[in-house]
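Given next are the chains, with one letter for each unit.
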Amino acid sequence: MTRSRNTDSRLSTSDLHAAVSLRLAHHDYRYTQGRRRLVEAILAAGQPVTLPDIVVAAPGLAPSSVYRNLDVLERSGVVNRITAGGDHAYFEFAEPLLSHHHHLVCVDCGSIEDVYLDDELEASVDRSLAEVAGRAGFTPLRHSLDLHGRCAGCGSG
């Protein structure tokens, strides 16, 4: 699996904040200072991050506030929740704030690795999913694929 040219579509920091502000406003939420700090903490992580990771990265944010604001950001289409099967969900920016990709999720340690399919394979996946959806009378909006297994550190046991 190779990185697609689509992986270069990340927004600049100022464009990211503008996009977050617009998405929140569209859902009648304000882009408060606390939400801005939360977005900055997710941005600084550069990878999917848990609520405890965010609290460590932004110690001035109360866990209850982070939890509530993550919910608002998720409902507004700013972040996506990734369930890895452990005690905590992971959060990352939603598309198009982050380039389209998939995940390798370790069922033992909970690590998550971003995976980018080449454009041809991604188009094939889109066509196949659209065909299946069409047969079911389903209108697809987007897709996400998470492959669950064991990372190299946890082995195949």
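Refer to the preceding data block for the structure.
Residues numbered from 1 in each chain as written. Predicted model: local features only at pLDDT ≥ 70, side-chain atom pairs only at ≥ 80, totals over all residues. Heavy atoms only, no water.

Draft legend 1. Structural detail: the packing of helix α2 (residues 33-45) against helix α4 (residues 63-75). Orientation of α2 relative to α4, taken along the N-to-C sense of each, is 80 degrees, at an axis distance of 10 Å. What the angle tells us is that α2 and α4 run roughly perpendicular. The segment α2 lies against α4, with Arg35, Leu38, Val39 and Ile42 engaging Val66, Asn69, Leu70, Val72 and Leu73. In terms of residue class, the contact of α2 with α4 is built from seven nonpolar, one polar and one charged. (Axes fitted to C-alpha atoms, helices over the stretch in contact; angles between N-to-C directions. Helix = DSSP H or I, 4+ residues; strand = E, 2+ residues; numbered from the N terminus. Parallel < 35°, antiparallel > 145°, perpendicular 65-115°, else oblique. Contact = heavy atoms within 4.5 Å. Nonpolar A, V, L, I, M, F, W, Y, C, P; charged D, E, K, R; others polar.)

Draft legend 2. The arrangement of the nonpolar core in detail. The biggest cluster of nonpolar side chains holds 26 residues, and the ones touching the most others in it are Val20 and Phe93. Breaking this core down by element, the ones donating at least two residues are α1 (13-26), α2, α3 (51-57), α4 and β3 (90-93). Excluding its chain neighbours within four sequence positions, the residues that come into contact with Val20 are Tyr31, Val39, Leu73, Val78 and Leu97. Counting five residues, the second largest nonpolar core, distinct from the first, contains Ala84, Tyr90, Val105 and Ile112. (Core = buried A, V, L, I, M, F, W, Y, C linked by side-chain atoms within 4.5 Å. Buried < 20%, exposed > 50% of the residue type's maximum accessible area, 1.4 Å probe, protein only.)

Draft legend 3. Representation of the sheet that holds strand β6 (residues 146-149) within the structure. Spatially, β5-β4-β6 is the arrangement adopted by the three strands of the open sheet, whose pairing is mixed. The open sheet terminates on both sides in strands that have one partner only, identified here as β5 (112-115) and β6. On average, each strand axis in the sheet is inclined to that of its neighbour by 20 degrees, with strand direction left out of account. Across four bridges, strand β4 (residues 102-106) lies against β5 in antiparallel orientation. From the neighbouring strand, His103 faces β5, where its bridge partner is Asp114. (Pairing = 2+ DSSP bridges.)

Draft legend 4. Representation of the sheet that holds strand β1 (residues 49-50) in the model. Here three strands make up an open sheet; going across it, the order is β1-β3-β2 and the pairing antiparallel. Among the strands making up the open sheet, the edge pair consists of β1 and β2 (79-82). The strands that α4 touches are β2 and β3; relative to β2, the one it contacts most, it runs at about 110 degrees.

Draft legend 5. Examining the pattern of salt bridges more closely. In the structure shown here, the tally under the stated rule is four salt bridges. The shortest N-O distance in the salt bridge between Asp71 and Arg75 comes to 2.6 Å. Taken together, the residues Asp71 and Arg75, both in helix α4 and four residues apart, mark about one turn of the helix. The exposure class assigned to Arg75 is partly exposed, which follows from its relative accessible area of 47%. Where Glu74 meets Arg81, a salt bridge forms, and the shortest distance between an N and an O atom there is 2.9 Å. The class for Glu74 is partly exposed, based on a relative accessible area of 27%. (Salt bridge = Lys/Arg side-chain N within 4 Å of Asp/Glu carboxyl O.)

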